[in-house]
Amino acid sequence: MKAIEIRNKYLNFFERHGHKIIPSASLIPENDPSVLFTTAGMHPLVPYLLGEKHPEGTRLTDYQKCVRTVDIDEVGDNRHLTFFEMLGNWSLGDYFKEESIKMSYEFLTKELEIPSEKLSVTCFKGDNDAPRDEVSANVWKEAGIPEERIYFFGKDDNWWIAGEEGPCGPDTEIFYDTGKEKCSDKCDPSCGCGKYVEIWNNVFMEYFKNHDGTYSKLKQRNVDTGLGLERMTMLLQGKKTPFEIELFAPVMEKLEELQKVDNISSRRIVAEHLRTSIMIISDGGRPSNVDRGYILRRLIRRMTRHLNKLGIDLNELSNLIDISIDSIKEMYPELLDKKETIKNVIVEEKDKFVRTLQKGEKEFEKEVNNARSKGITTLPVEVVFNLYETYGFPQEMTEELAKEYNIEVDTKDFDKLFKEHQEKSRMGSEHKFKGGLAEQNEMTTKYHTATHLLHKALQIVLGEHATQKGSNITSERLRFDFAHPQKVTPEELQKVEDIVNEQIKRGLDVTCEKMTVEEAKKSGAMGLFENKYGDLVKVYTIGDFSKEICGGPHVKNTSELGTFKIKKEESSSAGVRRIKAVLI
Ligand code: SER
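Source: prediction; values computed, not measured.

Asker: Which parts of the structure should I look at to understand the overall build of the protein?
Answerer: Along the protein, the regular secondary structure elements total 17 helices and 18 strands. Its C-alpha atoms give the protein a radius of gyration of 26 Å, near enough to 25 Å, the size a compact globule of 584 residues would have. Every one of the 584 residues in the protein was classed for burial, and the buried ones make up 56%. Put simply, the protein shows about 25,900 Å² of open surface, and 47% of that area lies on carbon and sulfur atoms. For the protein, the centre of its 85 positive side-chain charges and the centre of its 99 negative side-chain charges are spaced 2 Å apart.

Shown next as structure tokens:
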């Protein structure tokens with residue numbers, strides 16, 4: 001079965017079980033510049049898991065494009081991917097464990113025709129925060145999974161949360177037995193030997209982890225499930241790695257044909273990073289030196305390096321992009337329109353990297369001369385690491401150069417420095433994820449409404465081009481990114497602030513209506529997130545002042561907001577300005 005068929009079966013199955021199919025959100029969280037990428041199907045749904053009403057109801061299903069970059073350096077082995085597609089179904093305060101498990105079991109055994117004997121499951125074993133999940137285990141038993149294939153594990157294995165705080169809960173994970181021998185008597189689904197492969201995760205999200213580490217019950221009991229499409233396709237096709245399925249195979253074959261040096265890990269890295277770069281660029285990402293732009297840059301650079309390593313002419317890149325897009329265009333037809341842009345961005349970045357490599361080599365030469373003049377015969381590890389960090393030179397490339405220059409290099413502590421660096425960036429991205437899922441409370445609700453007032457005021461003062469490019473809200477402040485070619489003058493900022501405060505004083509009612517995207521546009525609502533919420537959208541109207549498509553939540557009347565004060569205006573990226581403001 002091809003990946004697209006599995007996806008269609010999944011969406012149709014859940015549609016038949018009362019779910020509304022919603023579109024995949026962008027890989028780049030549109031309303032939240034502080035989060036790097038969409039990492040799970042639940043991510044765009046957080047407000048609804050917390051109790052906001054979703055315009056499409058309480059049962060949803062979708063396929064979601066996801067990028068997870070924590071394991072970027074693992075890509076090249078037989079399983080890690082940075083881009084993957086997650087199929088998901090959600091209950092927003094609707095069904096819970098029993099129905100969820102029964103549907104999953106039916107889908108796997110009837111629709112995908114996986115023999116029940118191939119399945120093992122794990123459930124939460126219970127602790128001081130939440131009880132042992134006997135309910136799920138019993139439903140599994142009734143469904144047909146015998147007790148010896150039902151395992152219980154603690155929070156490390158059977159509890160799901162995005163980041164450090166937010167909605168979470170015990171999960172039950174479904175594993176596929178590949179038929180490999182057990183690696184030991186103790187081998188079970190928590191073992192990484194490859195016998196058991198996790199295929200689906202059903203999270204029973206009824207808790208919220210607070211900042212102080214304690215757990216509270218959510219307003220409603222939700223189900224959030226995620227099934228990795230590439231992995232499932234690989235298993236159903238009896239393949240050993242995702243690189244053998246139709247989404248990667250044509251690029252892998254072409255690379256094999258072109259290579260002068262055989263290296264399977266390099267071929268996988270090129271095929272994988274190429275696809276992720278294509279998907280990120282298609283959703284609007286561009287290479288840069290910060291955050292998600294930097295991730296994209298790293299992906300393109302790493303891919304270029306491995307093309308070099310395979311001895312493949314870099315002019316082949318454009319052809320490889322064609323082949324990659326061709327293999328996935330049925331899944332993501334939006335790529336076809338963007339093909340030229342995607343090619344331009346990747347090829348331009350590759351050219352830049354080639355120039356950087358040349359500069360890096362000069363830097364290396366300088367270090368060598370410097371060392372020789374001091375009579376040093378071995379380059380210290382810091383030099384090796386600096387070349388890696390600044391010029392993207394991997395350790396082995398520096399070692400190769402060193403050989404050419406006839407000098408020793410110390411690489412003993414490279415791994416240590418590398419791990420420290422990796423840990424730092426991992427902490428960085430986790431922190432960002434947390435920031436993106438900022439808690440919803442009275443203050444954040446106020447800031448949501450203040451953001452609408454600010455958006456409209458900016459359009460009045462600066463012009464209609466000043467549309468939203470991003471928004472991030474915490475309990476302490478709002479941050480708003482908008483299109484504008486130059487610095488906003490202090491006079492303009494004062495005007496914007498005055499207009500917002502005037503609307504607060506007027507005590508305007510905030511009302512909400514549901515309508516289709518088309519009706520919303522016709523009504524003059526500012527609509528930023530086309531398609532994001534499917535056909536039906538919520539339109540929030542603030543008196544006679546603003547009308548905007550938004551998921552909410554909002555205050556009832558602007559008089560609740562207090563006084564609005566702009567704290568800072570700065571550049572965010574080319575053609576985009578950023579305002580930070582508070583309510584006092
Ligand atoms: N949020 C869970 C996961 O990402 C289930 O969708 O695994």
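Asker: Hey, could you run me through the confidence of the model for the protein in this one?
Answerer: Interpretation of this model should avoid reading the predicted coordinates in detail wherever pLDDT is low. Of the residues in the protein, 94% have a pLDDT of 70 or more, and the chain-wide mean is 90. Below a pLDDT of 50 lies the segment residues 429-439, which in the model reaches 26 contacts outside its immediate sequence neighbourhood of four places, other chains included. Scored below 50 in pLDDT, residues 529-533 shows 13 contacts in the model against residues more than four places distant or in partner chains.

Asker: Just checking my understanding: could you explain the pattern of salt bridges for this structure?
Answerer: Two side chains with opposite charge may pair up if their charged atoms get near one another. Evaluation of the coordinates by the stated rule reveals 33 salt bridges. Ionic pairing is found between E334 and K65, a salt bridge with its closest N-O pair at 3.1 Å. Placement of the pair is E334 in the loop between α10 (317-328) and α11 (335-373) and K65 in strand β2 (residues 59-67), with a sequence separation of 269 residues. Using a relative accessible area of 25% as the deciding quantity, one classes E334 as partly exposed. Through salt bridges with shared partners, a single network forms among R59, D94 and E99.

Asker: I would appreciate a short explanation of the site of the ligand in the present structure.
Answerer: Near the ligand you find A40, M42, R68, M86, W160, N201, V203, D224, T225 and G226, and these make up its full shell. G226 is positioned with one of its backbone polar atoms (N or O) 3.1 Å from an oxygen atom of the ligand. Burial of the ligand by the protein amounts to 95% of the accessible area it has alone, namely 230 Å². Of all the elements in the fold, those that place two or more residues in the shell around the ligand are β8 (196-209) and β9 (215-228). At three residues, the largest contribution of residues to the shell around the ligand is made by β9.

Asker: Looking at this model, I keep getting lost on helix α7 (residues 249-258). Mind explaining?
Answerer: Each α-helix winds once per 3.6 residues, and so residues spaced three or four apart point in a common direction. Buried within α7 we find A249, V251, M252, K254, L255 and L258. On its buried face, α7 is in contact with α8 (264-282), α9 (291-309) and α10.

Asker: How should I be thinking about the packing of α7 against α8 in this particular structure?
Answerer: In a packed pair of helices, the relevant descriptors are the angle between the two axes and the axis-to-axis distance. Packing of α7 against α8 leaves a shortest axis separation of 9 Å and a crossing angle of 135 degrees. Classed by the angle they form, the pair α7 and α8 counts as oblique. Crossing of α7 over α8 shows right-handed handedness. On α8, the residues touching V251, M252, L255 and E256 of α7 are R267, R268, V270 and A271. Residues belonging to the contact of α7 with α8 are distributed by class as follows: five nonpolar, no polar and three charged.

Asker: I tried to follow the pairing of strand β5 (residues 150-153) on my own but got confused; where do I start?
Answerer: Of the pairings in the sheet, the one linking strand β4 (residues 119-124) to β5 comprises four bridges and is parallel in character. Following the sheet pairing, C123 is matched in β5 by F152. Of the crossover connections in this fold, the one passing from β4 over helix α4 (residues 134-143) to the parallel β5 is right-handed.

Asker: Just to check I follow, could you spell out the packing of aromatic side chains for this structure?
Answerer: The description of an aromatic ring pair uses the distance of the two centres, along with the angle that the planes make with each other. Going through the model one piece at a time under the given rule, you end up with 21 aromatic pairs. Pairing Y10 with F107 gives two aromatic rings, centres 5.3 Å apart and planes at 80 degrees, and the pair type is edge-to-face. Remark: F107 occurs in helix α3 (residues 97-111) and Y10 occurs in helix α1 (residues 3-16); sequence separation between them is 97 residues. F107 sits in the buried class, given a relative accessible area of 0%. Aromatic pair F14 and W200: ring centres 6.3 Å apart, planes at 90 degrees, arrangement edge-to-face. Of this pair, F14 sits in helix α1 while W200 is found in strand β8, placing the two residues 186 residues apart along the sequence.

Asker: Can you help me understand the environment of K260 in this one?
Answerer: You can see K260 is positioned in the loop between α7 and α8. Between the alpha carbons of K260 and T563 there is a distance of 67 Å; along the sequence they are 303 residues apart. In contact with K260, not counting residues within four places along its chain, are L310 and G311.

Asker: When you look at the nonpolar core in this model, what are you seeing that I'm missing?
Answerer: Side chains of nonpolar character tend, in soluble globular proteins, to be buried together. Membership of the largest hydrophobic core comes to 81 residues, with the highest contact counts inside it found for L108, W140, I199, W200 and I346. Residues in contact with W140, not counting those within four places in the same chain, are I101, Y105, V121, C123, I145, I150, T172 and I174. Core analysis: the next-biggest nonpolar cluster, separate from the first, contains 32 residues, A450, F480, I579 and V582 among them.

Asker: What should I look at first to understand unusual backbone geometry in this one?
Answerer: Both trends apply: most residues other than glycine have a negative phi, and most peptide bonds are in trans. For E113, which is not glycine, the phi torsion reads 55 degrees and is therefore positive. Looking at the element boundaries, E113 is found in the loop between α3 and β4. Unlike most non-glycine residues, N406 shows phi in positive territory, near 60 degrees. Note that N406 resides in the loop between α13 (395-405) and β11 (408-409). A residue is classified by how much of its surface remains accessible, and N406, at 68% relative accessible area, is exposed.

Asker: Please explain the state of the cysteines as it appears in this structure.
Answerer: Enumeration over the complete set of coordinates arrives at zero disulfides. Left without a disulfide partner, C168 is nearest to the cysteine sulfur of C123, which lies 17 Å away. Look at C168 and you get buried, because its relative accessible area is 0%. You can see C512 has no disulfide; the closest cysteine sulfur is in C550, sitting 8.6 Å from it. C512 gets classed as partly exposed once you look at its relative accessible area, which sits at 37%.

Asker: What am I meant to see in the pairing of strand β7 (residues 166-177) here?
Answerer: Every regular strand shows the same layout, with side chains that alternate between the two sheet faces. Of all twelve residues in β7, twelve are buried; the element is thus mostly enclosed. Pairing of β4 with β7 involves four bridges; the strand directions are antiparallel. Across the sheet, T122 pairs through a bridge with E173, a residue of β7. Relative to β7, strand β6 (residues 159-161) runs antiparallel, the two sharing three bridges. Looking across to β7, one finds that W160 is bridged to G169.

Asker: Could you clarify how one ought to interpret the environment of K53 in this entry?
Answerer: Relative to the assigned elements, K53 resides in the loop between α2 (46-49) and β2. Sequence-wise, K53 and L92 are 39 residues apart; in three dimensions their C-alpha atoms are separated by 8.5 Å. Residues contacting K53, with those up to four places away along its chain left out, are Y48 and K538.

Reading the values: rules and limits
- Residues numbered from 1 in each chain as written.
- Predicted model: local features only at pLDDT ≥ 70, side-chain atom pairs only at ≥ 80, totals over all residues.
- Heavy atoms only, no water.
- Helix = DSSP H or I, 4+ residues; strand = E, 2+ residues; numbered from the N terminus.
- Rg over C-alpha atoms; globule rule 2.2 N^0.38 Å.
- Buried < 20%, exposed > 50% of the residue type's maximum accessible area, 1.4 Å probe, protein only.
- Areas by Shrake-Rupley, 256 points an atom, 1.4 Å probe, with all protein chains shown as cover.
- Lys, Arg positive; Asp, Glu negative; His and termini not counted.
- Charge placed at Lys NZ, Arg CZ, Asp CG, Glu CD.
- pLDDT = per-residue confidence, 0-100.
- Contact = heavy atoms within 4.5 Å.
- Salt bridge = Lys/Arg side-chain N within 4 Å of Asp/Glu carboxyl O.
- Near = heavy atom within 4 Å.
- Polar contact = N/O pair within 3.5 Å; in protein donor to acceptor, adjacent residues only side chain to side chain.
- Axes fitted to C-alpha atoms, helices over the stretch in contact; angles between N-to-C directions.
- Parallel < 35°, antiparallel > 145°, perpendicular 65-115°, else oblique.
- Left-handed = near helix turned anticlockwise from the far one by under 90°.
- Nonpolar A, V, L, I, M, F, W, Y, C, P; charged D, E, K, R; others polar.
- Pairing = 2+ DSSP bridges.
- Right-handed = clockwise from strand over helix to strand, strands pointing away.
- Phe/Tyr/Trp six-rings, centres within 6.5 Å; stacked < 30°, edge-to-face > 60°.
- Core = buried A, V, L, I, M, F, W, Y, C linked by side-chain atoms within 4.5 Å.
- Disulfide = S-S within 2.5 Å.

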